[in-house]
Amino acid sequence: MVVLLLTPRSDQAELWRRLLSAALDGIDFRVHPNIGDPAHIDAVLAWKPPHGVLATLSRLKLICSLGMGVDHLLADPLLPQDVPIARLVDPNMIEQMSEYVLYAALHFHRGFDVYQRFQSERRWEELPLPHTAMRRIGIMGLGAIGTDCARRLAGLGFSVRGWSRTPKALKGVRSFSGRHQLAEFLGETDILVSVLPLTRQTARIVDARLFAELPPGASFINVARGELVVEDDLLAALDCGRLAGAMLDVTVSEPLAAASPLWAHPKVRITPHIAGLTNPVTAVEPIAENLRRLRAGLPLRDLVDRIRGY
(Lines give C-alpha, C1' and ligand atoms only; values in the text may rest on other atoms or scores of the structure.)
Protein backbone atom coordinates (compact mmCIF):
# COMPACT_ATOMS: atom_id res chain seq x y z
CA MET A 1 0.00 0.00 0.00
CA VAL A 2 1.32 3.43 -0.98
CA VAL A 3 0.36 6.26 1.39
CA LEU A 4 0.95 9.92 0.62
CA LEU A 5 1.28 12.69 3.21
CA LEU A 6 -0.08 15.93 1.78
CA THR A 7 0.09 18.77 4.30
CA PRO A 8 1.84 22.12 4.82
CA ARG A 9 3.30 20.65 8.06
CA SER A 10 6.28 19.06 6.36
CA ASP A 11 8.19 19.26 9.66
CA GLN A 12 6.05 16.35 10.91
CA ALA A 13 6.68 14.10 7.91
CA GLU A 14 9.35 11.94 9.52
CA LEU A 15 7.23 11.45 12.64
CA TRP A 16 4.24 10.35 10.54
CA ARG A 17 6.52 7.98 8.60
CA ARG A 18 7.84 6.37 11.76
CA LEU A 19 4.45 6.06 13.46
CA LEU A 20 2.63 4.65 10.43
CA SER A 21 5.42 2.23 9.63
CA ALA A 22 5.20 0.91 13.20
CA ALA A 23 1.40 0.60 12.98
CA LEU A 24 1.21 -0.93 9.50
CA ASP A 25 3.47 -3.51 7.91
CA GLY A 26 4.65 -3.04 4.37
CA ILE A 27 3.53 0.51 3.58
CA ASP A 28 5.33 2.71 1.09
CA PHE A 29 5.18 6.16 2.71
CA ARG A 30 5.67 9.22 0.51
CA VAL A 31 5.60 12.95 1.15
CA HIS A 32 4.31 15.55 -1.30
CA PRO A 33 5.72 16.80 -3.63
CA ASN A 34 8.09 13.81 -3.89
CA ILE A 35 5.35 11.31 -4.71
CA GLY A 36 6.87 9.34 -7.59
CA ASP A 37 4.25 7.98 -9.99
CA PRO A 38 0.85 9.49 -9.03
CA ALA A 39 -0.87 6.34 -10.31
CA HIS A 40 0.70 4.34 -7.46
CA ILE A 41 -0.96 6.23 -4.57
CA ASP A 42 -3.62 4.25 -2.67
CA ALA A 43 -4.38 6.60 0.21
CA VAL A 44 -3.71 10.20 1.19
CA LEU A 45 -3.31 11.85 4.59
CA ALA A 46 -4.35 15.40 3.78
CA TRP A 47 -4.68 18.83 5.32
CA LYS A 48 -5.46 21.77 3.05
CA PRO A 49 -4.01 20.18 -0.10
CA PRO A 50 -3.65 22.40 -3.17
CA HIS A 51 -6.77 22.20 -5.32
CA GLY A 52 -6.46 19.70 -8.13
CA VAL A 53 -3.71 17.53 -6.67
CA LEU A 54 -6.02 14.76 -5.48
CA ALA A 55 -7.58 14.51 -8.94
CA THR A 56 -4.20 13.47 -10.37
CA LEU A 57 -4.07 10.31 -8.23
CA SER A 58 -5.86 7.83 -10.48
CA ARG A 59 -5.63 4.84 -8.08
CA LEU A 60 -6.69 6.75 -4.98
CA LYS A 61 -9.00 4.70 -2.72
CA LEU A 62 -9.17 6.77 0.50
CA ILE A 63 -8.66 10.36 1.64
CA CYS A 64 -7.93 10.72 5.37
CA SER A 65 -8.39 14.23 6.71
CA LEU A 66 -5.74 15.24 9.23
CA GLY A 67 -8.37 17.23 11.11
CA MET A 68 -11.94 16.72 12.26
CA GLY A 69 -13.17 19.27 9.72
CA VAL A 70 -13.30 18.40 6.02
CA ASP A 71 -14.35 21.73 4.48
CA HIS A 72 -10.75 22.20 3.30
CA LEU A 73 -11.19 19.08 1.15
CA LEU A 74 -14.74 19.65 -0.07
CA ALA A 75 -13.79 23.13 -1.29
CA ASP A 76 -11.65 21.58 -4.04
CA PRO A 77 -13.71 21.80 -7.27
CA LEU A 78 -11.70 18.91 -8.73
CA LEU A 79 -12.07 16.62 -5.71
CA PRO A 80 -12.62 13.02 -6.95
CA GLN A 81 -16.28 12.23 -6.37
CA ASP A 82 -15.95 8.46 -5.98
CA VAL A 83 -13.22 8.39 -3.33
CA PRO A 84 -14.37 8.07 0.30
CA ILE A 85 -13.24 10.72 2.80
CA ALA A 86 -12.63 9.88 6.46
CA ARG A 87 -12.67 12.49 9.22
CA LEU A 88 -10.07 12.29 11.94
CA VAL A 89 -11.83 11.37 15.18
CA ASP A 90 -9.09 11.52 17.79
CA PRO A 91 -10.08 11.54 21.48
CA ASN A 92 -7.00 13.62 22.27
CA MET A 93 -8.08 16.36 19.88
CA ILE A 94 -11.61 16.32 21.29
CA GLU A 95 -10.12 16.69 24.77
CA GLN A 96 -8.02 19.66 23.62
CA MET A 97 -11.07 21.38 22.18
CA SER A 98 -13.08 20.83 25.34
CA GLU A 99 -10.27 22.23 27.47
CA TYR A 100 -10.27 25.40 25.40
CA VAL A 101 -14.05 25.78 25.63
CA LEU A 102 -14.02 25.18 29.39
CA TYR A 103 -11.35 27.84 29.84
CA ALA A 104 -13.16 30.33 27.61
CA ALA A 105 -16.52 29.74 29.32
CA LEU A 106 -14.98 30.20 32.76
CA HIS A 107 -13.20 33.32 31.53
CA PHE A 108 -16.52 35.01 30.84
CA HIS A 109 -18.46 33.34 33.66
CA ARG A 110 -16.06 34.54 36.36
CA GLY A 111 -15.62 37.96 34.80
CA PHE A 112 -11.92 37.60 34.07
CA ASP A 113 -12.36 39.79 31.00
CA VAL A 114 -13.58 42.57 33.31
CA TYR A 115 -10.85 41.96 35.88
CA GLN A 116 -8.27 42.22 33.12
CA ARG A 117 -9.58 45.67 32.34
CA PHE A 118 -9.59 46.55 36.04
CA GLN A 119 -5.92 45.58 36.24
CA SER A 120 -5.01 47.89 33.37
CA GLU A 121 -6.82 50.68 35.26
CA ARG A 122 -5.13 49.76 38.59
CA ARG A 123 -8.62 49.31 39.93
CA TRP A 124 -9.27 47.03 42.94
CA GLU A 125 -12.95 46.15 42.71
CA GLU A 126 -14.96 43.01 43.36
CA LEU A 127 -17.68 41.87 40.96
CA PRO A 128 -20.89 40.20 42.19
CA LEU A 129 -20.43 36.49 42.78
CA PRO A 130 -21.75 34.51 39.77
CA HIS A 131 -24.04 31.51 40.27
CA THR A 132 -22.88 28.58 38.16
CA ALA A 133 -26.23 26.82 38.00
CA MET A 134 -27.85 30.01 36.71
CA ARG A 135 -25.31 30.52 33.90
CA ARG A 136 -26.79 29.23 30.66
CA ILE A 137 -24.25 27.96 28.15
CA GLY A 138 -25.37 27.09 24.63
CA ILE A 139 -23.40 24.78 22.34
CA MET A 140 -24.06 25.17 18.60
CA GLY A 141 -23.20 21.80 17.12
CA LEU A 142 -23.50 18.50 18.97
CA GLY A 143 -21.07 16.32 17.10
CA ALA A 144 -18.19 14.59 18.89
CA ILE A 145 -16.63 17.86 20.05
CA GLY A 146 -19.84 19.65 20.97
CA THR A 147 -21.13 16.63 22.88
CA ASP A 148 -17.93 16.37 24.90
CA CYS A 149 -17.97 20.11 25.65
CA ALA A 150 -21.62 19.98 26.72
CA ARG A 151 -21.08 17.03 29.05
CA ARG A 152 -18.03 18.59 30.70
CA LEU A 153 -19.75 21.94 31.22
CA ALA A 154 -22.82 20.21 32.64
CA GLY A 155 -20.48 18.31 34.96
CA LEU A 156 -19.27 21.63 36.36
CA GLY A 157 -22.84 22.55 37.23
CA PHE A 158 -23.66 24.91 34.37
CA SER A 159 -27.10 25.00 32.79
CA VAL A 160 -26.26 23.60 29.37
CA ARG A 161 -28.31 23.47 26.19
CA GLY A 162 -27.31 22.31 22.74
CA TRP A 163 -28.49 23.08 19.22
CA SER A 164 -27.99 20.77 16.26
CA ARG A 165 -29.38 19.95 12.84
CA THR A 166 -31.31 16.97 14.18
CA PRO A 167 -32.55 16.21 17.73
CA LYS A 168 -29.99 14.80 20.18
CA ALA A 169 -30.52 13.28 23.62
CA LEU A 170 -27.73 14.05 26.11
CA LYS A 171 -28.02 13.58 29.84
CA GLY A 172 -28.01 16.92 31.64
CA VAL A 173 -28.28 18.90 28.39
CA ARG A 174 -31.43 20.49 27.02
CA SER A 175 -31.58 19.83 23.28
CA PHE A 176 -32.85 22.09 20.51
CA SER A 177 -32.75 21.30 16.81
CA GLY A 178 -33.50 22.81 13.42
CA ARG A 179 -33.97 26.39 12.36
CA HIS A 180 -37.40 26.51 13.98
CA GLN A 181 -35.86 26.11 17.45
CA LEU A 182 -32.80 28.30 16.96
CA ALA A 183 -34.35 31.51 18.32
CA GLU A 184 -35.60 29.74 21.46
CA PHE A 185 -32.15 28.22 21.99
CA LEU A 186 -30.42 31.57 21.59
CA GLY A 187 -32.84 33.37 23.90
CA GLU A 188 -31.76 31.07 26.74
CA THR A 189 -28.00 31.37 26.15
CA ASP A 190 -25.67 33.62 28.15
CA ILE A 191 -22.46 32.16 26.70
CA LEU A 192 -22.68 30.91 23.11
CA VAL A 193 -20.13 28.35 21.89
CA SER A 194 -19.79 27.55 18.19
CA VAL A 195 -18.48 24.11 17.24
CA LEU A 196 -20.51 23.78 14.04
CA PRO A 197 -19.03 22.24 10.89
CA LEU A 198 -18.67 24.64 7.97
CA THR A 199 -21.21 23.74 5.27
CA ARG A 200 -23.34 25.60 2.75
CA GLN A 201 -26.06 25.74 5.40
CA THR A 202 -23.87 27.05 8.25
CA ALA A 203 -21.64 29.56 6.43
CA ARG A 204 -22.23 33.07 7.90
CA ILE A 205 -24.93 31.72 10.23
CA VAL A 206 -23.55 33.80 13.11
CA ASP A 207 -24.76 37.22 12.00
CA ALA A 208 -26.54 40.31 13.29
CA ARG A 209 -29.88 38.53 13.42
CA LEU A 210 -28.43 35.74 15.52
CA PHE A 211 -26.72 38.15 17.92
CA ALA A 212 -30.02 40.02 18.32
CA GLU A 213 -31.65 36.81 19.60
CA LEU A 214 -29.15 36.46 22.45
CA PRO A 215 -29.80 38.05 25.85
CA PRO A 216 -28.09 41.46 26.20
CA GLY A 217 -24.57 41.07 27.54
CA ALA A 218 -24.03 37.53 26.24
CA SER A 219 -20.57 36.27 25.30
CA PHE A 220 -19.44 34.38 22.20
CA ILE A 221 -16.80 31.66 21.76
CA ASN A 222 -15.81 30.28 18.35
CA VAL A 223 -13.58 27.20 18.06
CA ALA A 224 -15.06 25.93 14.78
CA ARG A 225 -14.50 27.92 11.58
CA GLY A 226 -14.19 31.66 11.06
CA GLU A 227 -16.43 31.54 8.00
CA LEU A 228 -19.39 30.76 10.25
CA VAL A 229 -19.30 34.38 11.46
CA VAL A 230 -20.06 37.69 9.79
CA GLU A 231 -17.20 39.57 11.43
CA ASP A 232 -18.62 43.05 10.78
CA ASP A 233 -21.80 41.99 12.57
CA LEU A 234 -19.73 40.61 15.46
CA LEU A 235 -17.88 43.90 15.83
CA ALA A 236 -21.14 45.86 15.70
CA ALA A 237 -22.67 43.64 18.41
CA LEU A 238 -19.63 44.18 20.61
CA ASP A 239 -19.59 47.95 20.03
CA CYS A 240 -23.27 48.44 20.86
CA GLY A 241 -23.09 46.30 24.00
CA ARG A 242 -25.27 43.46 22.73
CA LEU A 243 -22.24 41.22 23.32
CA ALA A 244 -20.03 41.56 26.39
CA GLY A 245 -17.10 39.79 24.80
CA ALA A 246 -15.81 37.24 22.30
CA MET A 247 -13.06 34.66 22.33
CA LEU A 248 -12.03 33.59 18.82
CA ASP A 249 -9.72 30.73 17.95
CA VAL A 250 -10.66 31.03 14.27
CA THR A 251 -11.25 33.93 11.89
CA VAL A 252 -12.46 34.30 8.32
CA SER A 253 -8.94 34.95 7.03
CA GLU A 254 -6.07 33.06 8.61
CA PRO A 255 -3.59 34.32 9.57
CA LEU A 256 -5.68 37.28 10.71
CA ALA A 257 -4.56 40.42 8.86
CA ALA A 258 -2.58 42.86 10.95
CA ALA A 259 -5.07 45.59 10.00
CA SER A 260 -8.10 43.69 11.32
CA PRO A 261 -9.95 45.62 14.05
CA LEU A 262 -10.40 42.33 15.91
CA TRP A 263 -6.78 42.44 17.10
CA ALA A 264 -7.17 45.62 19.12
CA HIS A 265 -10.80 45.39 20.15
CA PRO A 266 -10.97 45.58 23.97
CA LYS A 267 -13.71 42.93 24.17
CA VAL A 268 -12.03 40.35 21.93
CA ARG A 269 -9.50 37.66 22.77
CA ILE A 270 -7.77 35.89 19.86
CA THR A 271 -5.74 32.70 19.61
CA PRO A 272 -4.17 31.38 16.35
CA HIS A 273 -6.36 28.32 15.64
CA ILE A 274 -4.83 26.24 18.43
CA ALA A 275 -7.91 25.00 20.29
CA GLY A 276 -7.30 21.51 18.91
CA LEU A 277 -4.08 20.55 17.16
CA THR A 278 -3.42 17.29 15.35
CA ASN A 279 -1.02 15.19 17.39
CA PRO A 280 0.44 12.43 15.20
CA VAL A 281 1.14 10.28 18.26
CA THR A 282 -2.58 9.99 19.09
CA ALA A 283 -3.99 10.55 15.60
CA VAL A 284 -2.07 7.72 13.98
CA GLU A 285 -4.22 4.89 15.38
CA PRO A 286 -7.63 5.89 13.92
CA ILE A 287 -5.92 6.59 10.60
CA ALA A 288 -3.99 3.32 10.69
CA GLU A 289 -7.19 1.42 11.52
CA ASN A 290 -8.89 2.77 8.40
CA LEU A 291 -5.85 1.89 6.31
CA ARG A 292 -5.96 -1.65 7.69
CA ARG A 293 -9.65 -1.85 6.83
CA LEU A 294 -8.98 -0.52 3.34
CA ARG A 295 -6.33 -3.17 2.76
CA ALA A 296 -8.61 -5.93 4.10
CA GLY A 297 -11.69 -4.74 2.21
CA LEU A 298 -13.61 -4.01 5.43
CA PRO A 299 -16.07 -1.12 6.01
CA LEU A 300 -14.29 2.15 6.71
CA ARG A 301 -14.91 4.30 9.79
CA ASP A 302 -15.84 7.98 10.26
CA LEU A 303 -16.76 8.53 6.63
CA VAL A 304 -17.99 11.92 5.46
CA ASP A 305 -21.45 12.48 4.02
CA ARG A 306 -20.64 14.80 1.13
CA ILE A 307 -24.24 16.03 0.89
CA ARG A 308 -24.29 17.15 4.53
CA GLY A 309 -20.69 18.35 4.35
CA TYR A 310 -19.39 16.49 7.40
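Cut-offs used in this document
- Residues numbered from 1 in each chain as written.
- Predicted model: local features only at pLDDT ≥ 70, side-chain atom pairs only at ≥ 80, totals over all residues.
- Heavy atoms only, no water.
- Salt bridge = Lys/Arg side-chain N within 4 Å of Asp/Glu carboxyl O.
- Helix = DSSP H or I, 4+ residues; strand = E, 2+ residues; numbered from the N terminus.
- Buried < 20%, exposed > 50% of the residue type's maximum accessible area, 1.4 Å probe, protein only.
- Phe/Tyr/Trp six-rings, centres within 6.5 Å; stacked < 30°, edge-to-face > 60°.
- Pairing = 2+ DSSP bridges.
- Axes fitted to C-alpha atoms, helices over the stretch in contact; angles between N-to-C directions.
- Contact = heavy atoms within 4.5 Å.
- Right-handed = clockwise from strand over helix to strand, strands pointing away.
- Parallel < 35°, antiparallel > 145°, perpendicular 65-115°, else oblique.
- Left-handed = near helix turned anticlockwise from the far one by under 90°.

1. Quick look at the pattern of salt bridges
Next up, step 1: Inspection of the entire model under this criterion finds 18 salt bridges.
Next up, step 2: Asp190 serves as the salt-bridge partner of Arg136, at 3.0 Å between the closest nitrogen and oxygen. Here Asp190 lies in the loop between α6 (182-187) and β9 (191-194) and Arg136 lies in strand β6 (residues 136-140), a separation of 54 residues in the sequence.
Next up, step 3: Taking relative accessible area as the criterion, Arg136 reaches 26% and is therefore assigned partly exposed.
Next up, step 4: For Asp190, a relative accessible area of 16% puts it in the buried group.

2. A closer look at the packing of aromatic side chains
Next up, step 1: Under the criterion given, the structure shown has three aromatic pairs.
Next up, step 2: Here Tyr115 and Phe118 contribute two aromatic rings whose centre-to-centre distance is 6.0 Å and whose plane-to-plane angle is 85°, an arrangement assigned as edge-to-face. With a gap of three residues between them, Tyr115 and Phe118 both fall in helix α4 (residues 112-120), about one helical turn apart.
Next up, step 3: A residue is classified by how much of its surface remains accessible, and Tyr115, at 29% relative accessible area, is partly exposed.
Next up, step 4: With 5.9 Å between their ring centres and 80° between their planes, Phe211 and Phe220 make a pair best called edge-to-face.
Next up, step 5: On the basis of relative accessible area, Phe211 is assigned to the buried category, the value being 1%.

3. Observations regarding the sheet that holds strand β8 (residues 173-177)
Next up, step 1: Across the sheet, which stays open at both edges, the seven strands sit in the order β8-β7-β6-β9-β10-β11-β12 with parallel pairing between neighbours. Every interior strand has two partners, whereas the edge strands, β8 and β12 (268-270), have only one. Each strand axis lies, on average, 15° off the axis of its neighbour in the sheet, ignoring direction.
Next up, step 2: Here five bridges tie β6 to strand β7 (residues 159-164), and the two strands are oriented parallel to one another. Bridged to Arg136 within β7 is Ser159.
Next up, step 3: The strands touched by helix α3 (residues 91-109) within the sheet are β6, β9, β10 (218-222), β11 (243-248) and β12, with β11 carrying the most contacts at an inclination of about 155°.

4. Thoughts on the pairing of strand β2 (residues 28-31)
Next up, step 1: Examined bridge by bridge, strand β1 (residues 2-6) and β2 share four bridges and lie parallel to one another. Of the residues in β2, the one forming a bridge with Leu4 is Arg30.
Next up, step 2: A crossover links β1 with its parallel partner β2, the connecting element being helix α1 (residues 13-23), and its sense is right-handed.

5. As for the packing of α1 against helix α9 (residues 280-296)
Next up, step 1: At a closest axis distance of 10 Å, the pairing of α1 and α9 adopts a crossing angle of 50°. Relative to α9, the element α1 lies oblique. Of the two elements, α1 crosses α9, and the hand of that crossing is right-handed. Where α1 approaches α9, its residues Leu15, Trp16, Leu19, Leu20 and Ala23 are matched on the opposing element by Pro280, Val281, Ala283, Val284, Ile287, Ala288, Leu291 and Arg292.

6. Some details on the pairing of β7
Next up, step 1: Of all six residues in β7, five are buried, a share of seventy percent or more.
Next up, step 2: The parallel pair β6 and β7 is bridged by helix α5 (residues 144-155), and the resulting crossover is right-handed.

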